[in-house]
Amino acid sequence: MEKWDSTCDGQLSVDNMERKLRKQGYNCMMYEFGPGTNFPDHTHSVSKKDSIVTGRFQFTMFGETIVMEPGDMIEVPKNTVHNAKVVGNKTVTFFDATK
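Residues numbered from 1 in each chain as written. Predicted model: local features only at pLDDT ≥ 70, side-chain atom pairs only at ≥ 80, totals over all residues. Heavy atoms only, no water.

A. Focus on the overall build of the protein. Check the secondary structure of the protein and you find two helices and eight strands. Counted from the first residue to the last, the protein has its helices and strands arranged as α-α-β-β-β-β-β-β-β-β. Over its C-alpha trace the protein gives a radius of gyration of 13 Å, about what one expects of a compact globule, namely 13 Å for 99 residues. Principal axes of the C-alpha set define a box for the protein whose edges measure 35 × 30 × 20 Å. Counting every position in the protein, which comprises 99 residues, the buried fraction comes to 35%. Pairs at least 24 residues apart make up 70% of the contacts formed inside the protein by residues separated by at least 6 positions. Placing the 12 positive and 13 negative side-chain charges of the protein at their respective mean positions leaves the two points 2 Å apart. (Helix = DSSP H or I, 4+ residues; strand = E, 2+ residues; numbered from the N terminus. Rg over C-alpha atoms; globule rule 2.2 N^0.38 Å. Buried < 20%, exposed > 50% of the residue type's maximum accessible area, 1.4 Å probe, protein only. Contact = heavy atoms within 4.5 Å. Lys, Arg positive; Asp, Glu negative; His and termini not counted. Charge placed at Lys NZ, Arg CZ, Asp CG, Glu CD.)

This is the structure:
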């Protein structure tokens, strides 16, 4: 997992996260997921990077579960089974980034 580095990337914000992802060569879409949102096991046909700007997101892949916090980014290889859900009562602002 990659962590936000405010010394290099500036203050964490939607604009700065999008700028960072685009600089890394990603195309990205922002989504907001409310409390209780759950994504059961699934895969994607492309590799991607999931990035959190606000809220907390429980993410499971390769048998490991982590809770992603604002500024956390994780690579999801194509065809890899994973699942996720919003943790707590705050909306998750999320970037889905692909190359």
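B. Looking closely at the nonpolar core. Phe33, Ile52, Phe57, Phe59, Met61, Met68, Ile74, Val76, Ala84, Val86, Val92 and Phe94 form the largest nonpolar core, which has 12 residues in total. Looking at this core, the elements that each hand over two or more residues are strand E4 (56–61), strand E6 (73–76), strand E7 (82–87) and strand E8 (92–98). Broken down by element, the residue count for this core peaks at three residues, all from E4. Those residues in contact with Val86, other than ones at most four positions away along the chain, are Phe33, Gly34, Pro35, Gly36, Thr37, Arg56, Phe57 and Val92. (Core = buried A, V, L, I, M, F, W, Y, C linked by side-chain atoms within 4.5 Å.)

C. Main features of the packing of aromatic side chains. Here the structure, examined in full by the defined rule, presents six aromatic pairs. With a centroid separation of 6.0 Å and 15 degrees between ring planes, the pair formed by Phe33 and Phe57 is classed as stacked. Taken together, the positions of Phe33 in strand E1 (residues 27–33) and Phe57 in strand E4 put the pair 24 residues apart, joining distant regions of the chain. Both residues of the pair, Phe33 and Phe57, belong to the buried class. The structure contains a cluster of three or more aromatic residues connected by ring pairs, namely Tyr31, Phe33, Phe39, Phe57 and Phe94. Its guanidinium or amino end placed over the ring of Trp4, Lys20 lies 5.6 Å from that ring's centre, counting from NZ or CZ. (Phe/Tyr/Trp six-rings, centres within 6.5 Å; stacked < 30°, edge-to-face > 60°. Lys NZ or Arg CZ within 6 Å of the ring centre and 35° of its normal.)

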